[in-house]
Amino acid sequence: VAAGLPLVAPYRFEMRTQLASLVDSSISELFAAQVSNLEKRTLKRLNAQLLKKLDKVPVEENPSENAAAIRAAMFSFDNIMSDLEVPSLSLTKAKPCRDMEAVLTEAV
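Residues numbered from 1 in each chain as written. Predicted model: local features only at pLDDT ≥ 70, side-chain atom pairs only at ≥ 80, totals over all residues. Heavy atoms only, no water.

**Q** Pulling in residues and values, what's your account of the environment of C97?
**A** With respect to the helices and strands, C97 occurs in helix α3 (residues 94–107). Relative accessible area serves as the criterion here: at 9%, C97 is assigned to the buried category. Along the backbone, C97 and D78 are 19 residues apart, and their C-alpha atoms lie at a distance of 6.4 Å. Those residues in contact with C97 that lie beyond four places of it in its chain are M74, F77, D78 and M81. (Helix = DSSP H or I, 4+ residues; strand = E, 2+ residues; numbered from the N terminus. Buried < 20%, exposed > 50% of the residue type's maximum accessible area, 1.4 Å probe, protein only. Contact = heavy atoms within 4.5 Å.)

Okay, structure coming up:
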């Protein structure tokens, strides 16, 4: 029985490595999916908000309203991204927030 123990350690190490890899990749995929969903939801909300304001005042006449709507959308996006971050896997909000700000600016 004692002679078989050295063979168990490499097997366990390999299994642990495979499980860690599977968990890390699954978390990364879920993070990407959550970011994508959040981006879509944020754009949808911004568009709805701008359409409401468009009924009252033409967009060209009040650019400060658009800027305020973008700031509010970015604030919400940033706060939710803070909850989604997984720093131990380098899944941070920095790049998604920069990308989203560019998309929102283009949308207006």
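**Q** Which residues make up the pattern of salt bridges, and what values do they have?
**A** A pair can form between side chains of opposite charge whenever their charged atoms are brought close. Enumeration over the complete set of coordinates arrives at two salt bridges. Note that K93 is salt-bridged to D78, the shortest N-O span being 3.1 Å. Within this pair, whereas K93 is found in the loop between α2 (63–84) and α3, its partner D78 is found in helix α2, the two being separated by 15 residues in sequence. The class of D78 is partly exposed, set by a relative accessible area of 26%. Where D99 meets K95, a salt bridge forms, and the shortest distance between an N and an O atom there is 2.8 Å. With D99 and K95 both in helix α3 and four residues apart, the pair spans about one turn of that helix. By relative accessible area, D99 is classed as partly exposed at 33%. (Salt bridge = Lys/Arg side-chain N within 4 Å of Asp/Glu carboxyl O.)

**Q** So what's going on with the nonpolar core? Residues and values would help.
**A** The biggest cluster of nonpolar side chains holds 15 residues, and the ones touching the most others in it are L46, M74, F77, M81 and L104. Going through the elements one at a time, α1 (5–56), α2 and α3 are the ones with two or more residues in this core. Top element by residues in this core is α2. It accounts for six residues. With residues near it in sequence (within four places) discarded, L46 still touches A69, I70, A73, L104 and V108. (Core = buried A, V, L, I, M, F, W, Y, C linked by side-chain atoms within 4.5 Å.)

**Q** Lay out the packing of α2 against α3 in plain terms, naming residues and giving numbers.
**A** The interhelical angle for the contact between α2 and α3, taken along N-to-C directions, is 160°, at an axis separation of 10 Å. With respect to α3, the element α2 is oriented roughly antiparallel. Classified by chirality, the crossing of α3 by α2 is right-handed. Residues I70, A73, M74, F77, D78 and M81 of α2 form the contact with α3, whose own contacting residues are P96, C97, M100, E101, L104 and T105. Among the residues making up the contact of α2 with α3, the classes are represented as nine nonpolar, one polar and two charged. (Axes fitted to C-alpha atoms, helices over the stretch in contact; angles between N-to-C directions. Parallel < 35°, antiparallel > 145°, perpendicular 65-115°, else oblique. Left-handed = near helix turned anticlockwise from the far one by under 90°. Nonpolar A, V, L, I, M, F, W, Y, C, P; charged D, E, K, R; others polar.)

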